[in-house]
Amino acid sequence: YFERTALLLRGRAKDPVRIGVYADSNGTMDFMTGEMRRILQVSHGDSGHGFVALARPWPWYRHQYVVTDYDDKAWDAFTVTTHPTPALDPWYGQGLIVAQSKQTGARTWVLTAPEGSPIGTHASRFELWYLAWPPGGAFDVKIDGEVKASADTRAEGEPHFGFVRVDVPDGPHKMVAVTTSPRPVRLLGAVVERDTPGFQVDGLGVGSL
């Protein structure tokens, strides 16, 4: 960490310095990590927002300097603590919060921060993390209204991690994941990044942890 940070501060870094902060309920509104992100990125470079969950197990879950929302009637939000999966399986991913679709056409989305925000107004890459598993369905990834990638999450054997990556010109963007089959799609989160040296702070808060 110190070697990577020293390279960044001396103007010699090519990649972001990524900081992951796990927290209990205090982390579910991104207040502390949001301030870390703002101070570090304003001073030393905005490398993107980092991780954000794609459904809300609690109404107050949110992230600072990014815009997220979803069709809450079309998804179940599960987490390891207060909203476990019905089967009590262990497949929650790095952020410990998942969105699981209930129908075709279920949408969840992430937008860069509004113009005038101190950070977060640009992105050059989106990643959608998902669970590859036997009952899995399919989804499309739209960027600014255009389908840029698709994934079929159905896979035999032990469930495992999968992801879709979409590179875009650096700027303001809206990413939408929309299911294209009735089978359940379990999304483990999204990552918003930039090809710019700087800091990235992942706020990984889970209520009642």
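Predicted, not measured: the structure shown is a model, and the values here were computed from it.

## So, the overall build of the chain
Link 1 in the chain: Secondary structure assignment for the chain yields two helices and 13 strands.
Link 2 in the chain: Sorting the 209 residues of the chain into buried and exposed places 52% on the buried side.
Link 3 in the chain: Contacts in the chain between residues at least 24 apart in sequence constitute 76% of all its contacts with a sequence separation of at least 6.
Link 4 in the chain: Only carbon and sulfur atoms are counted for the fraction: they give 54% of the accessible area of the chain, which is about 9800 Å².

## A word on the sheet that holds strand β9 (residues 146-152)
Link 1 in the chain: Reading across the sheet, the five strands line up as β3-β6-β11-β8-β9 and stay open at both edges, with antiparallel pairing between neighbours. Each having just a single partner strand, β3 (66-70) and β9 make up the two edges of the open sheet. The mean inter-strand angle of the sheet, taken between neighbouring strand axes irrespective of direction, is 15°.
Link 2 in the chain: One ladder, built from five bridges, connects strand β6 (residues 107-112) with strand β11 (residues 174-179); its direction is antiparallel.

## A look at the pattern of salt bridges
Pairing is possible between side chains of opposite charge, provided their charged atoms come close.
Link 1 in the chain: Going through the model one piece at a time under the given rule, you end up with 14 salt bridges.
Link 2 in the chain: Arg-125 serves as the salt-bridge partner of Glu-193, at 2.9 Å between the closest nitrogen and oxygen. On the criterion of sequence distance, the pair formed by Glu-193 in strand β12 (residues 186-193) and Arg-125 in strand β7 (residues 123-132) is long-range, its members being 68 residues apart.
Link 3 in the chain: In this structure Arg-125 comes out as buried when scored by relative accessible area, which is 8%.
Link 4 in the chain: Residues joined by salt bridges that share partners form a network here, namely Arg-18, Arg-125, Arg-165, Asp-167, Glu-193 and Asp-195.

## Quick look at the pairing of β12
Link 1 in the chain: Summarising burial for β12: eight of the eight residues are buried, a large majority.
Link 2 in the chain: By the bridge criterion, three bridges tie strand β2 (residues 50-52) to β12 in an arrangement that is antiparallel. Residue pairing for β12: Val-52 is matched across the bridge by Ala-190.
Link 3 in the chain: Pairing between strand β5 (residues 97-101) and β12: two bridges, direction antiparallel. Bridge pairing in β12 links Gln-100 to Arg-186.

## A few points about the pairing of strand β13 (residues 199-205)
Link 1 in the chain: β13 sits mainly inside the fold: seven of its seven residues count as buried.
Link 2 in the chain: Burial along β13 is two-sided: Phe-199, Val-201, Gly-203 and Gly-205 facing one way and Gln-200, Asp-202 and Leu-204 facing the other are all buried.
Link 3 in the chain: Of the pairings in the sheet, the one linking strand β1 (residues 17-23) to β13 comprises seven bridges and is parallel in character. Considered in β13, the bridge of Arg-18 is made with Gln-200.

## Regarding helix α2 (residues 31-44)
Link 1 in the chain: Taking 1.5 Å of rise per residue, 14 residues should cover 20 Å, and α2 covers 20 Å from first to last C-alpha, within 8% of that figure.
Link 2 in the chain: Of the positions making up α2, those classed as buried are Thr-33, Gly-34, Arg-37 and Gln-41. All buried residues of α2 lie within an arc of 100° about the axis, which places them on one face of the element. Exposed side chains of α2 directed beyond 90 degrees from the buried face belong to Met-32 and Val-42.
Link 3 in the chain: Where α2 is buried, its residues touch β1 and β13.

## Focus on the side chain of Thr-179
Link 1 in the chain: Relative to the helices and strands, Thr-179 resides in strand β11.
Link 2 in the chain: Residue classification places Thr-179 among the buried residues on the basis of a relative accessible area of 2%.
Link 3 in the chain: One polar contact links the side chain of Thr-179 to the main-chain carbonyl oxygen of Gln-103, over a distance of 2.8 Å.
Link 4 in the chain: Once you skip the residues sitting within four places of it in the chain, Thr-179 turns out to touch Trp-75, Ser-101, Gln-103, Thr-104, Gly-105, Ala-106, Ala-138, Phe-139 and Val-185.

Reading the values: the criteria
- Residues numbered from 1 in each chain as written.
- Predicted model: local features only at pLDDT ≥ 70, side-chain atom pairs only at ≥ 80, totals over all residues.
- Heavy atoms only, no water.
- Helix = DSSP H or I, 4+ residues; strand = E, 2+ residues; numbered from the N terminus.
- Buried < 20%, exposed > 50% of the residue type's maximum accessible area, 1.4 Å probe, protein only.
- Contact = heavy atoms within 4.5 Å.
- Areas by Shrake-Rupley, 256 points an atom, 1.4 Å probe, with all protein chains shown as cover.
- Pairing = 2+ DSSP bridges.
- Axes fitted to C-alpha atoms, helices over the stretch in contact; angles between N-to-C directions.
- Salt bridge = Lys/Arg side-chain N within 4 Å of Asp/Glu carboxyl O.
- Expected span 1.5 Å × (residues − 1).
- Arc of directions from axis to C-beta.
- Polar contact = N/O pair within 3.5 Å; in protein donor to acceptor, adjacent residues only side chain to side chain.

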